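Summary of structural features
The primary structure of each chain is shown beneath.
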Amino acid sequence: MSRRPAVAALGGGHGLFASLQALQYVTDQITAIVTVADDGGSSGRLREEFDILPPGDLRMALAALCDPSEWGLQWRDALQHRFAGDGPLGGHPLGNLMIASLWDLLGDPVAGLDLVGRLVEARGRVLPMAIEPVRIEAQVRGADPAQPEQISTVTGQVSVATTSGDVLSVGLHPDPPRPCIEALDAVGDADWIVLGPGSWFTSVIPHLLVPDLRDALVHTKARRLLTLNVTMHTGETAGYTAADHLEVLAAHAPELHLDVVLADPSVVTDSGDQLRDAAQSLGATVVFTQVADSDAPGTHDPLRLAAAYRDIFE
């Protein structure tokens, strides 16, 4: 492309952090659209006490997009600084408290995030996928090990992410949540949508469960890239193949079309035909390239991932 593409990156937590780090090498037009379902740790405490969006994943996205100047890096470190001890501040990152304070002062979650973005000189914008906190509800088989075939409802991101049972499907409460209008606009204005990597049921799929956001993803003129994780068979997707990840995605948003699926060869346990077939059913081709970090198993290498994004976008 003759100009740098506008990219809307969807996800949460460490997966979105990795994609945002990589995208900065490719473009300066980035909008992060972040899940707001976290109910654990500092985020869970703040959302319960003040009835606000969980700020943690939003904070991490802002930290990922900070300018690499001395100013930006110092403020990134301040945002990420976590208070020690078991007192009232223990476990809270400073950034979570700053974001919560600005929301209280401004009464507008988007304006508060934009202000923190200005503070760290973020090379992009961070938006929530919805303007109200959501709770994940999953249908799980065998959540109780004593009854391995029983299907029950497991509620909350932490509980879903750590269940020992098989997650069959997920939904959100409230249903539907109120979307973030600025996020819808970003999807409509993008040249590329990047979905994933991240925890499949709790960071990737939730975006597809906000009806207005899903419709925007379906009808956007942007091309859609799905980034697979570099480790399969973990946590909420124990036993899943790479193809299974695509099939679950399609089950939750059957009308969604994809253009490219990016996969590290290490995630493919067969010849790759099953993954290619699953991708083809979504309209996508598979790009196999090494994007895993050789020194940190289970994580993406930012430079390798950036190179993959660059080649795909071009």
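The structure this text deals with has already been given above.
So, here's what we can say about the structure.

The rules behind these values
Within each chain, residue numbers correspond to sequence positions counted from 1 in written order. The model is predicted, so local features are restricted to residues of pLDDT at least 70 and side-chain atom pairs to those at 80 or more, both for listing and for counting; the totals for chains, interfaces and linings are taken over all residues. Note that the side-chain values use all heavy atoms of the structure and ignore hydrogens as well as water. Here a strand pair is declared whenever DSSP counts at least two bridges between the two strands. Helix numbers and strand numbers start at the N terminus; a helix is a DSSP run of H or I with at least 4 residues, a strand a run of E with at least 2. Here, axes are lines fitted to C-alpha atoms. For helices the fit covers the stretch in contact, and angles between N-to-C directions go from 0 to 180 degrees. Patch construction takes residues with relative accessible area above 30% that form no salt bridge. Like charges are linked within 9 Å, and nonpolar side chains (Val, Leu, Ile, Met, Phe, Trp, Tyr) are linked within 5 Å. Reported accessibility uses the Shrake-Rupley method at a 1.4 Å probe radius. Residues are deemed covered only where the shown protein chains occlude them. By definition, a salt bridge exists where a carboxyl oxygen of Asp or Glu is found within 4 Å of a side-chain nitrogen of Lys or Arg. Charged residues are defined here as Lys and Arg on the positive side and Asp and Glu on the negative side; His and the ends of the chain fall outside this count. The atom standing in for a charge is NZ when the residue is Lys, CZ when it is Arg, CG when it is Asp and CD when it is Glu. Relative accessibility under 20% of the residue-type maximum defines a buried residue, over 50% an exposed one, and the middle range a partly exposed one, all with a 1.4 Å probe and only protein chains included. We call two residues in contact whenever any of their non-hydrogen atoms come within 4.5 Å of each other.

**A short note on the sheet that holds strand 4 (residues 135-141)**
- If you walk across this open sheet you meet the three strands as 5-4-6, and the pairing is antiparallel. The strands lining the two open edges of the sheet, one partner per strand, are strand 5 (151-155) and strand 6 (166-173). Sheet twist, expressed as the average angle between the axes of neighbouring strands with direction ignored, equals 25 degrees.

**Let's talk about a negative patch on the surface**
- On the surface, Asp108, Glu182, Asp185 and Asp189 cluster together into a negatively charged patch.
- Tracing the backbone through its elements, the reader meets aspartate 108 in the loop between helix 5 (94-106) and helix 6 (109-119).
- Judged by its relative accessible area of 33%, aspartate 108 falls in the partly exposed class.

**What to know about the side chain of serine 203**
- With respect to the helices and strands, the residue serine 203 is situated in helix 9 (residues 200-204).
- Ignoring any residue separated from it by four or fewer positions in sequence, one finds serine 203 in contact with Gly11, Gly12, Thr35 and Gly198.

**Observations concerning unusual backbone geometry**
- The omega torsion across histidine 173 and proline 174 is 0 degrees, close enough to zero to call that bond cis.
- Relative to the helices and strands, proline 174 resides in the loop between strand 6 and helix 8 (181-189).
- In this structure, proline 197 follows glycine 196 across a cis peptide bond, with omega equal to 0 degrees.
- Checked against the element boundaries, proline 197 lands in the loop between strand 7 (192-195) and helix 9.
- Located in the positive-phi region is glutamate 121, a residue other than glycine, with phi close to 55 degrees.

The values are spatial; any link to function lies outside them.
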